[in-house]
Amino acid sequence: MADIFNTPEYKRSRGAYTGQCAFEYFVSILVTDAFLAKLLSSMGVSDALIGIISSFISFAFLFQLFSLFLVQKITNTKKIATIFNTLSSLLFLCAYLIPFIPCGKTLKTVLVMLCILLGYFTNYSVTSIIYKWGNSFVRPTKRADYSATKEMISLVTGMIFTFFVGKIIDNYEALDNIRGGFLFIAATIFIVSVCNFVSLLMISKESDTAKTKKAPLKAVLKHTISNKNFSNVLILTVIWDVARYATIGFMGIYKTKELLLSVGTVQIINIAGNFFRFVFSKPIGKYSDKHSFVKGFKLALYIAAAGFFINIFSAPSSVWCVIVFTVLYSVSIAGTHQNSFNMVYSYVDSEYFVQASAIKNSLGGIVGFLSSLVAGKLLSVIQNNGNTLFGLPVYGQQVLSAISFILIVAAIIFIRKVMEKQKIMIQ
C-alpha cells in the first residue's frame, strides 16, 4: 500500500501550508512591536495605552471560541479558512491608513483598535481550523520536526523581510515623512496578503484526519474541560500567558523611547533573536518529538525565565540586557509556540482538537489581556512617580520582567510536579 504522506498532493499541501505560515508571519511582524508602537505614538497615544493595544493579540485569542460554533456549520474548510484569513490581513492593512483620515486623535485611536481587534477576530476564528487542516498532511510522528522546519523557513525569510522594511521606515522617518512609511507598510501588507491567499488555494481540501467532529456542547465539554489532563494544559497556558503578556506588550515602546533605539536598530535586534530561534528550532523540535511536547515546552520555559531575569537589569546604560532578553525570548518561542498546539494532541481525542485548542487559546487570551491591563496600570504608576517604585529608581518594564520571571518559574514547577506524570496519547 502506497504511503499517502509521500504522494504529490500531500507534499504540495505541506509546502503550500509552509508558505502560508511564512506570509502570515510577515503580516504579523508589521502589526506588532516597534512598527505598531511607531504608528500609535505618531498619533499621540500614551505609552500605557500602546502596551495595552499591543497586547490585543492576547485578548484576541478569545475570538477562537467562535470556532466552537463555526466548526458545527462548516461544510468547506478550505473556503471558510481562506476567506477569514485573507480578510484578517486586509483589516491590518487598514490600520495603517487611519492616520490619513481627517478626524481627531481619539477617533483615530478607536479606529486603529477596531482594525486590530477585527483583524485578530477573523484570523483567530480559523486559526485552529487551519492548523488542523494543514497538519493533516503531516505524518503524526513528525509533527514537531515539521513544525520546526516550517518555523525556520518563516524565520529566515522573516529576518530578511524585517531588515529591509525596518530600514525603509527609518529612511522615511529621517525624511520627516513617517506617514509615507505607513503607506509603504500598507502596500507591503497588500502584496503579502495576495501571496498568502494563493498559498491557501494551493492546499488540498481537507483530508479525513482534518475533519472535526460536529458534536453538541455537552460532548465537547466532556472531552475537553472535564478531561483532567487537558485541564492541566489550561492551567499551564494561563500561567504562561499571564507571565509573558505582563511584559511583552510594553517592550516595543520601551526600546524606542527609554532606550532610545531606532526602529531599524530594534529590527536588527529582532533579527538576531530570530536567527538564534532559527538555529534552535530544529533541535527543540526533535527533542519534543523524542521526549514529549510538554517536555519541549518546559525546556523553552527555562530559556524564557533566563531572558526575563536578565531583562530586569535592562536600562539605557545596559542596552545589552534587552538584546540578550530578545534573543532568549525568541529562542523560547521555538519551543512554546508549536508545542502549545501539539500538546493538545497528547491529551485530547483528535476529533475534538479544534474545540480544545479554541478553549485553551481563548482562556489564555483572556487572562493574558487582563494581565496587560494590570501591568499597564502599574507601568503608569511607576512613570508618574518619576520612574520610581517604593522610592527606588526603576523603569516599569524592569518591574514587569521580574513579575514575569516569578510566574514562569511557577509554570516550570507545575510541569515537573503535575504534567510530566500524565499519560500521553499518540495520534
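The structure under discussion appears in the preceding block.
The structure presented is a predicted model; accordingly, all values stated were derived computationally and were not measured.

Turning to the packing of helix α1 (residues 8–30) against helix α9 (residues 143–174), a few remarks are in order. In the contact formed by α1 and α9, the axes pass within 9 Å of each other and the chain directions differ by 40°. Regarding the angle of α1 to α9, the classification is oblique. The two elements α1 and α9 cross, and the hand of that crossing is right-handed. Between α1 and α9, the contacting residues are Arg14, Tyr17, Thr18, Cys21, Ala22, Tyr25, Phe26, Ile29 and Leu30 on the first element and Tyr146, Lys150, Ile153, Ser154, Leu155, Thr157, Gly158, Phe161, Thr162 and Val165 on the second. Class assignment of the residues belonging to the contact of α1 with α9 gives a composition of 12 nonpolar, five polar and two charged.

Evaluated as defined, the whole model comprises 20 aromatic pairs. Note on tyrosine 131 and phenylalanine 353: the rings are 5.8 Å apart at their centroids and 15° apart in plane angle, and the pair reads as stacked. In this pair, tyrosine 131 is assigned in helix α8 (residues 127–135) and phenylalanine 353 in helix α17 (residues 353–384), connecting sequence segments 222 residues apart. Its relative accessible area of 4% is what places tyrosine 131 among the buried residues.

Turning our eyes to something else, we now look at empty space enclosed by the protein. Tallying each qualifying case throughout the model produces two cavities of 30 Å³ or more. Ala144, Ser147, Ala148, Glu151, Ser281, Ile284, Gly285, Ser288, Ala334, Gln338 and Asn339 together form the lining of the second largest cavity. A class-by-class count of the residues in the lining of the second largest cavity yields four nonpolar, six polar and one charged.

The subject of this paragraph is the packing of α9 against helix α16 (residues 319–347). Between α9 and α16, whose axes approach to 10 Å, the crossing angle comes to 140°. Handedness of the α9/α16 crossing: right-handed. Counted together, Arg143, Ala144, Ser147, Lys150 and Glu151 of α9 and Ile333, Ala334, His337, Gln338, Asn342 and Tyr345 of α16 form the full contact between these two elements. Looking at the contact of α9 with α16 residue by residue, the class counts come to four nonpolar, four polar and three charged.

About the criteria used
Residue positions within a chain follow its written sequence, with the count starting from 1. Reporting of local features is limited, given that this is a predicted model, to residues whose pLDDT is at least 70; pairs of side-chain atoms are given and counted only at 80 or more, and all residues count toward the totals for whole chains, interfaces and linings. Side-chain calculation: all heavy atoms of the structure are included, whereas hydrogens and water are not. Interaxial angle, 0 to 180 degrees, is taken between N-to-C directions of lines fitted to C-alpha atoms, where a helix line uses only the stretch in contact. Only DSSP runs of H or I with at least four residues qualify as helices, and only runs of E with at least two residues qualify as strands; both kinds are numbered from the N terminus onward. Note on angle classes: values under 35 degrees are labelled roughly parallel, values over 145 roughly antiparallel, values of 65 to 115 roughly perpendicular, and the remainder oblique. We call a crossing left-handed when the near helix sits turned anticlockwise from the far one by less than a right angle, and right-handed when that turn is clockwise. In this analysis, two residues are considered to be in contact whenever any of their non-hydrogen atoms come within 4.5 Å of each other. Gly is placed with the polar residues, together with every amino acid not listed as nonpolar (Ala, Val, Leu, Ile, Met, Phe, Trp, Tyr, Cys and Pro) or charged (Asp, Glu, Lys and Arg). Planes of paired rings set the category: under 30 degrees apart is stacked, over 60 is edge-to-face and the rest tilted, where pairs are Phe, Tyr or Trp rings (Trp by its six-membered ring) whose centres lie within 6.5 Å. Exposure classes here rest on a 1.4 Å probe applied to the protein chains alone. A residue is buried below 20% of its type maximum, exposed above 50%, and partly exposed in between. Note on definitions: the grid is 1 Å and covers protein atoms alone; a cavity is a set of points where a 1.4 Å probe fits but cannot get out; a pocket is an open set with protein on both sides within 12 Å along at least five of seven lines; lining residues have an atom within 4 Å of a point. Grid points are joined across faces, edges and corners, and a volume is the space filled by probe spheres set on the points.

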